Every structure is written in C-alpha cells, then in structure tokens.
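Okay, here's what each chain looks like letter by letter:
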Amino acid sequence: MELIVFAVTAVIAIIGAVAMVASKNAVHSALFLLLNFGAIAVLYLLLRAPFLFATQLIIYAGAIIVLFLFVVMLLGAERHEDNRDRLAWQRPVALVMAGLLLAEVAYVVVALPAQAPVTTDEGFGAPEVIAEQLFTTFLLPFQVTAFIILAAIVGVVVLHMQEKRQV
Amino acid sequence: MVPTFYYVLLSALLFCVGVTGVLIRRNALVVLMSVELMLNSANLALVAFAHARQDVTGQLLVFFVIVVAAAEVAVGLALLVTIFRTKQTTNIDDINVLKG
C-alpha cells in the first residue's frame, strides 16, 4: 500500500520537475514547481515527518511559489526567453553533462550496501520531539535563523532603496 | 515499507533535473526555480536518511535548509527585480557586466 502511494507520488514529482524545466512560459514553470513541492510534501508524510510536511506546504508551496508568481507577473517575464542560444553548443553539452551526473549518482546509490529494513518507533518525527530538539540541542542555530531572516529583510529593503535613488 | 534506496534514487533524479534546468534555461527566474528544486531534492534525501536511521536530527537540518531557502528566494528575487528595472531583461546571457 505504502509502495503504491510512493510510486504514484514519485511519478507526479518527476513529471512536475521535468515539466517545470521544459515549459516555455515562466508562469507554467512556477505552477509545475508547485506540483512538485506538493508531491515532495506527501513523501515527507510517508517518511513520518508531519512537521516538515506542514512546513513544506506553508513555506514552499505557500510563500515561495507566491513570491515567484508575483515576480514573474510583475516583470511580465513569462515570454522574454528567446530560444536561440548565444553559444549553440551549450545546450547539447549541458544535456550530456546532466546525463553523466545522473549516471554517476545512480551508480553511487545502487552501489550502497543493502540496508536492514526500517522499523519505525511509535513517536518518531512527532512535532513534540522536533520542538524539544530545536529548543535544546539546536537552540543556537535556531536563533541564528532569526538573524538570517533579518539579513534577508534588510537586503531586500536596501536593494529597493538603491533603485529609488537612481530614478 | 518503502526502502530508503528508492527515496534516494528519486532525490538523485530530481537533483539532476534541477541541474539540467540551471544549465539549459536562459530565463533567470526559471534558473532560480531549478535551484529550489535541487534544494528540495537534497531535503528529500536528508529526510529519507533521518527515517532510515530513526534520528530526528536530519529533519531539523531540513528545517534550517528551508529557512535559508526562503531567505535566498527573497533576496534573489529582489536582485532580479532590480536588474530588470535597469536592464529590461531576465535573460542571463544579457546580464554579463558587474556594473549596474
């Protein structure tokens, strides 16, 4: 049963990713990315990570995709890309390199020693466990994230101010 | 029960799709989306290994990665808007000087 859910979700995730790269319109790309994020959120649920499932949906599928769609529509950038590459050999070489990377990674994964089947504890990945770790062992990194977000906010404001000065 | 192996293989596949997107697309917005896809595939591998080892630390690392990704997207998109205002393009082949 779990395997069927995994297979369907994995196929959806791959379709979303490939369609995101392949679609010409940037709005379609953002929406296919949303499909992919949703599928990955379901996989988190299968991996007993309900907290990350919620975080993925709120931050990625909510905030980040909305930001992308907003900027794409603000810039009207959805049809700006012309198909002619300035370096004609770039695209085939890029595809070959990506294929090589895939082969390499797949080889490493396949070559992994066989692992014992996972036995899940009852309370594994519960939000309470994560919160306990977050506010004890990882308290310092957790506070550093506040500074990261502050730096991002200041950066965005500064970028916008410079823009104003030029006009 | 799904073997961890399948999750890691899926994660590798998604990562390679993201790399392909960064390499072949010329629209800076789609390049940024491909970077997000790669971050997500790495997150998936982390959660899969956390599940395999029954250790919640991997999930916490994913939480921090999500925070950094959100900050990165906010700053990256602000940069793109600024570049678009001055150069009227999002094609990364046209953005080839450091001067604003």
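**Q** Talk me through the overall build of chain A; I want residue IDs and the actual numbers.
**A** On a plain count of helices and strands, chain A comes out with six helices and zero strands. When the helices and strands of chain A are placed in sequence order, the string is α-α-α-α-α-α. Across the 167 residues of chain A, 33% fall into the buried class. Within chain A, residue pairs in contact and separated by at least 24 positions form 55% of the contacts whose partners lie at least 6 positions apart. Carbon and sulfur atoms provide 74% of the accessible area of chain A, an area that totals close to 10100 Å².

**Q** Pulling in residues and values, what's your account of the side chain of asparagine 43 of chain B?
**A** Relative to the helices and strands, asparagine 43 of chain B is located in helix H2 (residues 28-53). On the accessibility criterion, asparagine 43 of chain B (0% relative accessible area) is buried. Sequence-distant contacts of asparagine 43 of chain B, defined by excluding residues within four places in its chain, comprise Tyr44 and Tyr60 of chain A together with Val62, Val65 and Ile66 of chain B.

**Q** Can you explain the nonpolar core? Please cite residues and give values.
**A** Counting 59 residues, the largest nonpolar core has Phe6, Tyr44, Leu52 and Phe68 of chain A together with Tyr7 and Leu77 of chain B as the members making the most contacts within it. Elements with a minimum of two residues in this core: helix H1 (2-22), helix H2 (26-46), helix H3 (50-75) and helix H5 (127-135) of chain A together with helix H1 (4-24), H2 and helix H3 (57-87) of chain B. In terms of residue count, H3 of chain B provides more of this core than any other element does, twelve residues in total.

**Q** Residue-level account of the interface of chain A and chain B, with values.
**A** As a measure of interface size, the accessible area lost when the parts come together is often cited. Between chain A and chain B, the contact holds 78 residues from the first and 71 residues from the second. Remark: the boundary between chain A and chain B carries five residue pairs in polar contact (both at pLDDT 80 or more). When contributions to the side of chain A that touches chain B are tallied by element, the ones reaching two or more residues are H1, H2, H3, helix H4 (90-110), H5 and helix H6 (139-166) of chain A. No other element matches the 13 residues that H3 of chain A contributes to the side of chain A that touches chain B. Per-class residue counts for the side of chain A that touches chain B are 54 nonpolar, 14 polar and ten charged.

**Q** Report on the pattern of salt bridges, specifying residues and quantitative values.
**A** The tally for this structure, following the rule as stated, stands at two salt bridges over all chains. Residues glutamate 2 of chain A and arginine 48 of chain A are paired through a salt bridge, measuring 3.8 Å at the closest nitrogen-oxygen approach. With a gap of 46 residues between them, glutamate 2 of chain A in helix H1 and arginine 48 of chain A in the loop between H2 and H3 connect regions that are remote in the sequence. What makes arginine 48 of chain A partly exposed here is its relative accessible area of 28%. With a shortest N-O distance of 3.5 Å, aspartate 93 of chain B and arginine 26 of chain B are connected by a salt bridge. Of this pair, aspartate 93 of chain B sits in the segment after H3 while arginine 26 of chain B sits in the loop between H1 and H2, placing them 67 residues apart in sequence. For the pair aspartate 93 of chain B and arginine 26 of chain B, one class covers both residues: buried.

**Q** With reference to specific residues and values, describe the packing of H1 of chain B against H2 of chain B.
**A** Residues and elements named next belong to chain B. In the contact formed by H1 and H2, the axes pass within 8 Å of each other and the chain directions differ by 165°. Viewed along their axes, H1 and H2 adopt a mutual orientation that is roughly antiparallel. Handedness of the H1/H2 crossing: left-handed. Two secondary-structure elements touch here, H1 through Thr4, Tyr7, Val8, Leu10, Ser11, Leu14, Phe15, Val17, Gly18, Val19, Gly21 and Val22 and H2 through Val31, Ser34, Val35, Leu37, Met38, Ser41, Ala42, Leu44, Ala45, Ala48, Phe49 and Ala52. Considering only residue class, the contact of H1 with H2 consists of 18 nonpolar, six polar and no charged.

**Q** Just give me the short version of H2 of chain A, but keep the residues and values in it.
**A** All names here are of chain A. Look at H2: 30 Å from first C-alpha to last across 21 residues, which is about the 30 Å you get at 1.5 Å a residue. At the N-terminal boundary of H2, the capping side chain belongs to asparagine 25, with an oxygen 2.9 Å from the backbone nitrogen of valine 27. Looking at the residues trailing H2, positive phi occurs at arginine 48, about 60°.

Criteria and thresholds
Residues numbered from 1 in each chain as written. Chains lettered and ligands numbered in written order. Predicted model: local features only at pLDDT ≥ 70, side-chain atom pairs only at ≥ 80, totals over all residues. Heavy atoms only, no water. Helix = DSSP H or I, 4+ residues; strand = E, 2+ residues; numbered from the N terminus. Buried < 20%, exposed > 50% of the residue type's maximum accessible area, 1.4 Å probe, protein only. Contact = heavy atoms within 4.5 Å. Areas by Shrake-Rupley, 256 points an atom, 1.4 Å probe, with all protein chains shown as cover. Core = buried A, V, L, I, M, F, W, Y, C linked by side-chain atoms within 4.5 Å. Polar contact = N/O pair within 3.5 Å; in protein donor to acceptor, adjacent residues only side chain to side chain. Nonpolar A, V, L, I, M, F, W, Y, C, P; charged D, E, K, R; others polar. Salt bridge = Lys/Arg side-chain N within 4 Å of Asp/Glu carboxyl O. Axes fitted to C-alpha atoms, helices over the stretch in contact; angles between N-to-C directions. Parallel < 35°, antiparallel > 145°, perpendicular 65-115°, else oblique. Left-handed = near helix turned anticlockwise from the far one by under 90°. Expected span 1.5 Å × (residues − 1).

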